[in-house]
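One letter stands for each residue in the lines below.
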Amino acid sequence: MLILNCEQTRKLEQSAVDNGCTYLGLMERAGREAAAFIQQALSQFRRKTVILCGSGNNGGDGFVVARCLAGWSGDVLVVMLSGQPRTGDALTMYQKARETAGVRFSGYPDDRLEKEIQEADLIVDGIYGIGFHGAVKEEYLPVIRWTNRSAAKVVSLDLPSGVACDFGKIEGEAVQADYTVTFSALKLSQVQYPAMEYCGEIHVANVGIPEKVYRESGFEAETTGLWALKRILAPRKLNTNKGSFGYLLSLCGSRGMAGAAVMSAQAASRCGVGLIDLALPESVYPAAASAIRESVFTLLPEQENEISISEAEALLSGKLAHRTTACLVGCGLGTSREAQKLVEYLLARSKAPMVIDADGLNAIAAEPEMLSKAQAPLVLTPHPGEMARLLKTTVQDVQRHRLEYAKEFAVKQRLVLVLKGNKTVVACPDGRVYINTTGNPGMAKAGSGDVLAGITGAFAAKRQCEKNEKKISLAKTAALAAYAHGKAGEAAEEKSSASYVTASEIIRGLQSI
């Protein structure tokens, strides 16, 4: 699914018209699809509906919704906030709505409007569309506030009014929607903070634009889907062995952090990698070995409770030269100087793709120049705090510029950057961006990131074993790992009675994909 900015959305619509559609037909389909969503998802909220319409094409969509809901909702009130529409297509839809039985109209201001909104059990927001920018007009603010204070369910058309299409920042006040029915594709602000928090649950409506037009259009980012994931998790051929599915060398774990190594390895195993070699300090082995039986172990010698660097490097050198198809580095590795040296060593020596998480990222943040020594493609998987350390900034700054910072870093460092969180951003070295739409807040739990790292490592290791020319890119592999992680979390939440899920439950949820 594509994610578009305002200009790209307008070009998409123009291309659709150039290929035989009409703007009036697109508006009719948009309103009908929004009404169909309302009738299906909100059938219990049909006593009284208030539809807020501006003077542009978003208001035109609202007039179509009003026609479609007439007779379904007991009372449909259309509020004209700016008088008659100023565009021809919206004026046509307004005139049709005026001729529809069961639809009544109100101007603005109106002394009765606050009471009408308070008594509504469904409000449809069609004040502003994708062309909005800046702040809501002061004269409309009472309507926005009445809407947000109402007990009614709120459905916004395309974008909540007050939210600009291209930016996550909100200037002033905006409608707080329970649902947003957006047309043709996701909009850029719907995957950026804090704008995305105003959208509620987002439903993308097909307004009849030909598939050919979508394929030829430009876009800002895109999402992934289950159809693509099935390539990595496809049924196996009969004549295969463990070597057919990759060899993952995992340098994870330290004193007090055995769980991170275990969970990442368990997740990788569940994703079908052929063999996992878990390299960890000798002192951690008993705890790790009792929790995971599928891995082989490389025990790194210790001296005075610290890894012996020379001996560890000698052991890892043999592993890297043997059959490793991907490396996973950092989960619970610790922040000692020895751990940092091992990360630097692997960056300089590994020819296989490397997935770097947690303390591996902390090592890079402490010595950024080590990235320049990398000999293999890299996937970095920071959460906002780790990203802030990499960029020498604050978490708040990272959250305000998630897509921008991820893309800049990936292009500058020529690597894949997976910025975790709600709507995980996967940025590619060529500037492409994937946005993940799976998962839930219940996954915000210790160990969840270790699970994602294990999934990503497994997918990267398996990818390297593909022999055909259509091998999935490492960036898309990372995007699919984020998608699988989120789907596993959704499956785990369905089976859990709590408002959160544990990392172990997410691993079990991988079975449901």
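Refer to the structure printed above.
## Here we look at the overall build of the chain
Looking only at helices and strands, the chain features 19 helices and 21 strands. For 513 residues, the compact-globule estimate of 2.2 N^0.38 gives 24 Å, and the C-alpha radius of gyration of the chain, at 26 Å, lies within 12% of that figure. Expressed along its principal axes, the backbone C-alpha trace of the chain runs to roughly 85 × 40 × 40 Å. Every one of the 513 residues in the chain was classed for burial, and the buried ones make up 57%.

## Focus on the side chain of Ser55
Tracing the backbone shows Ser55 in the loop between strand S2 (49-53) and helix H3 (57-69). Take Ser55: its relative accessible area is 16%, and that puts it in the buried class. Leaving out residues up to four positions away in the same chain, Ser55 has contacts with Ser82, Gln84, Pro85, Arg86 and Thr87.

## Describing unusual backbone geometry
It is generally the case that most residues other than glycine have a negative phi and that most peptide bonds are trans. Of note, the amide linkage connecting Tyr108 to Pro109 takes the cis form, showing an omega dihedral of 5 degrees. Examined against the element boundaries, Pro109 turns out to sit in the loop between strand S4 (103-106) and helix H5 (113-119). The omega angle of the peptide bond from Tyr193 to Pro194 is -10 degrees, so this bond is cis rather than trans. In this structure, Pro194 sits in the loop between strand S8 (186-187) and strand S9 (201-205). A positive phi angle, close to 75 degrees, is found at Ser184, a residue other than glycine. Along the chain, the position of Ser184 falls in the loop between strand S7 (179-183) and S8. Judged by its relative accessible area of 12%, Ser184 is buried.

## Some remarks on the pattern of salt bridges
Any two side chains of opposite charge can pair, so long as their charged atoms come close to each other. Scanning the entire structure with this criterion turns up 19 salt bridges. The partner of Arg29 in a salt bridge is Glu33, with the nearest N and O atoms 3.2 Å apart. Of this pair, Arg29 and Glu33 both sit in helix H2 (residues 23-41), four residues apart, roughly one helical turn. In this structure, the salt-bridge partner of Asp158 is Lys187, at a minimum N-O distance of 3.1 Å. Here Asp158, found in the loop between strand S6 (153-157) and S7, pairs with Lys187, found in strand S8; they are 29 residues apart in sequence, far enough to count as distant.

## Thoughts on the packing of H3 against helix H4 (residues 88-98)
In contact at an axis separation of 8 Å, H3 and H4 are set at 25 degrees when each is read in the N-to-C sense. Relative to H4, the element H3 is oriented roughly parallel. Where H3 crosses over H4, the two elements pack in a sense that is left-handed. Residue-level inspection shows Asn57, Gly60, Phe63, Val64 and Arg67 of H3 in contact with H4, the latter providing Asp89, Ala90, Met93, Tyr94, Lys96 and Ala97.

## Points about the sheet that holds S7
An order of S4-S3-S2-S5-S6-S7-S9 is seen for the seven strands of this open sheet, with the pairing classed as parallel. Looking at the sheet topology across the chains shown, the edges are occupied by S4 and S9. On average, each strand axis in the sheet is tilted by 20 degrees relative to the strand beside it, whichever way the strands run. Sheet topology places S7 next to S9; five bridges connect them, and they run parallel. The partner of Phe183 across the bridge, within S9, is Ala205. Strand contacts of H3: S2, strand S3 (76-80), S4, strand S5 (122-126), S6 and S7, with the helix running at about 160 degrees to S2, the strand carrying the most contacts.

## A look at the environment of Pro210
Its location among the elements puts Pro210 in the loop between S9 and helix H7 (211-216). On the accessibility criterion, Pro210 (28% relative accessible area) is partly exposed. Taking the C-alpha atoms as reference points, Pro210 and Ala352, 142 residues apart in sequence, are found 41 Å from one another. Not counting residues within four places of it along the chain, the set of residues in contact with Pro210 comprises Ala16 and Cys21.

Definitions and limits used
- Residues numbered from 1 in each chain as written.
- Predicted model: local features only at pLDDT ≥ 70, side-chain atom pairs only at ≥ 80, totals over all residues.
- Heavy atoms only, no water.
- Helix = DSSP H or I, 4+ residues; strand = E, 2+ residues; numbered from the N terminus.
- Rg over C-alpha atoms; globule rule 2.2 N^0.38 Å.
- Buried < 20%, exposed > 50% of the residue type's maximum accessible area, 1.4 Å probe, protein only.
- Contact = heavy atoms within 4.5 Å.
- Salt bridge = Lys/Arg side-chain N within 4 Å of Asp/Glu carboxyl O.
- Axes fitted to C-alpha atoms, helices over the stretch in contact; angles between N-to-C directions.
- Parallel < 35°, antiparallel > 145°, perpendicular 65-115°, else oblique.
- Left-handed = near helix turned anticlockwise from the far one by under 90°.
- Pairing = 2+ DSSP bridges.

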